[in-house]
Amino acid sequence: MISPAQQLLPIPPRHLQEPPVSPQQPGATRAAMAAAPDLFCASDLNEAARCPHSAQLAQGYNRLRFMPALEQEYREQYWSRYLGRTRLALTGAALLLALFALRDVRTLPREVWEITVSLRLLVMVPAILLGLALTWVKAARPWLEAIIVTGVCIGMGGLSAAILISARMGSPIPYEGLLLVMVFTLFLSGLRFYKASLSILTMVAVYLVAALLLGITGPQLLQEAYYLLGIVLMGLVGSYSLELSLRGNFLTENIARFRALRDPLTLLYNRRAAMDHLHRAWRLAFRDRQTLAVVLMDVDQFKRFNDLYGHGPGDGCLREVARALSERIRRPMDLVARYGGEEFVAVVYAVTQEHLALLCDDICAAVRDLAIAHLGNPPLERVTISVGAALL
């Protein structure tokens, strides 16, 4: 039995926007009929309408944002590819902090290293290890960026405190450690440009303000400010360019995948995609004990159409036929494809013999109702299609 959601209901045909030359006009000249291609070429079967990645590429993404559905897809694909790199970077950051703590013990006075080591090992390293552990929790994936931002703020806050406290006590540790945190945040953390930039700018501002409040002034602080802001500026440019490139690669890869499975003329699926879908649908139908139908369609007297009107109008005719077919075969498990030339094929899942017959009749009526004149196809003298189906 077919559920109500699966029933194949007739869809009202979509006519051309302008009336074609009537096939009932016996005196219509070939020159008048040759004007018809301008009507076919107004089809809405363009790549941007079928492929959101192509539409986004045409629209642009200089603000580093896609439409919501694509943005979610981009983030999922990004984490699937680069989550391992982020985990490796987090592990390296924890080990590096442990080495810095060992250096503090060897080079700083006891009263200083007790504070710096405590900040490194009791604040910064646990925050990093917690973030690392959460990268393996799938339920935490939607909040992974927020978790990383929190970890970056804790890391930079702890490091800033260690640098400022040690300087205040007369045994300063190098502030260059902040630069390592910036590089990690901008290039290795997996944060999007805006969140990474906001985190970095906020923490640099906090560091400089805290230094002033602690009375650390003079040429040394001014030099640190110049270096930090200069590195931040260069890092932001590099981070923006990197994300722009990653987003461009994401779009072009998906567009290439779309084109590999589509017929370039009609933008229906191509023969290879149809055969792959047929094999998958066959296995699924066998497993679920469902019926499966294969429908073959052939535009009648199409060679004569090309001979009469030319290949340009012929291509337009095929696009209009493809549009009519795609409007009638559109359930999630169904697929319509261009098989070759003027031939089309459809795979229809879970259909009864009665509904299959209704679908075939509806396809014939839909193509006939396009009212594309074809004097070489008597007696109707318009484009028609022949349909055959096998129920498996």
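The structure presented is a predicted model; accordingly, all values stated were derived computationally and were not measured.

## Describing the overall build of the protein chain
- Assigned secondary structure in the protein chain consists of 14 helices and 4 strands.
- Split into buried and exposed, the 392 residues of the protein chain put 46% on the buried side.
- If you take every contact in the protein chain between residues at least 6 apart in sequence, the share linking residues at least 24 apart comes to 73%.
- As displayed, the protein chain offers around 20400 Å² of accessible surface, 63% of which is attributable to carbon and sulfur atoms.

## Things to note about the packing of aromatic side chains
- A full pass over the atoms with the stated rule returns 11 aromatic pairs.
- With centroids separated by 5.7 Å and ring planes inclined at 85°, the aromatic side chains of Phe66 and Tyr74 adopt a geometry described as edge-to-face. With respect to burial, Phe66 and Tyr74 carry one shared label: buried.
- Relative to Phe305, the ring of Phe302 lies with its centre 6.0 Å away and its plane at 5°, an arrangement referred to as stacked. Here Phe302 pairs with Phe305, and both are found in helix H12 (residues 302-309), just 3 residues apart, close to one helical turn.
- Residue class for Phe302 comes out buried when judged on its relative accessible area of 8%.

## Description of the pairing of strand E3 (residues 343-349)
- Burial analysis of E3 places 6 of its 7 residues in the buried class, the great majority of the element.
- Of the strand pairs in this sheet, strand E1 (residues 292-299) and E3 are connected by 7 bridges, and their pairing is antiparallel. Within E3, the residue paired with Leu292 across the bridge is Tyr349.
- Direction of pairing for strand E2 (residues 335-340) relative to E3: antiparallel, over a ladder of 5 bridges.

## A closer look at the environment of Leu233
- Within the secondary structure, Leu233 is located in helix H10 (residues 219-260).
- Residue classification places Leu233 among the exposed positions, given a relative accessible area of 56%.
- With 36 residues separating them along the chain, Leu233 and Ser197 place their C-alpha atoms 9.7 Å apart.

## Focus: a nonpolar patch on the surface
- Residues Leu96, Leu99, Leu102 and Leu180 make up a contiguous nonpolar surface patch of roughly 370 Å² in combined accessible area.
- Counting residues per element, the nonpolar patch draws most heavily on helix H5 (residues 68-107), at 3 residues.
- One can find Leu96 in helix H5.
- A relative accessible area of 35% places Leu96 in the partly exposed class.

## Quick notes on helix H13 (residues 311-328)
- Between its first and last C-alpha, H13 extends 26 Å over 18 residues, near the 26 Å set by a 1.5 Å rise per residue.
- Most of H13 sits inside the fold, with 15 of its 18 residues counted as buried.

Rules and cut-offs
- Position numbers for residues start from 1 in each chain and track the written sequence from start to end.
- Residue-level local features of this predicted model are given only where pLDDT is at least 70; pairs of side-chain atoms are given and counted only at 80 or more, and the full residue set underlies all totals for whole chains, interfaces and linings.
- As a rule here, side-chain values cover all heavy atoms of the structure and leave hydrogens and water aside.
- Runs of E in the DSSP output that reach at least two residues are strands. Runs of H or I that reach at least four are helices, and both are numbered from the N terminus.
- Only protein chains enter the accessibility calculation, which uses a 1.4 Å probe. A residue is then buried if its area is under 20% of the maximum for its type, exposed if over 50%, and partly exposed in between.
- Should any heavy atoms of two residues lie within 4.5 Å, those residues are counted as being in contact.
- Accessibility throughout is a Shrake-Rupley quantity obtained with a 1.4 Å probe, and a residue counts as covered only by protein chains that appear here.
- Ring pairs are drawn from Phe, Tyr and Trp, using the six-membered ring of Trp, whenever the two centres fall within 6.5 Å, and their geometry is named by plane angle: stacked under 30 degrees, edge-to-face over 60, tilted for the rest.
- In this analysis, strands are considered paired if DSSP registers two or more bridges between them.
- A patch consists of residues exposed above 30% relative accessible area that lack any salt bridge, with like charges linked at up to 9 Å and nonpolar side chains (Val, Leu, Ile, Met, Phe, Trp, Tyr) linked at up to 5 Å.
- In the sections that follow, a salt bridge refers to a side-chain nitrogen of Lys or Arg positioned within 4 Å of a carboxyl oxygen of Asp or Glu.
- Helices are assigned an expected span. That span is 1.5 Å times one less than the residue count.

That is the geometry; function is a separate question.
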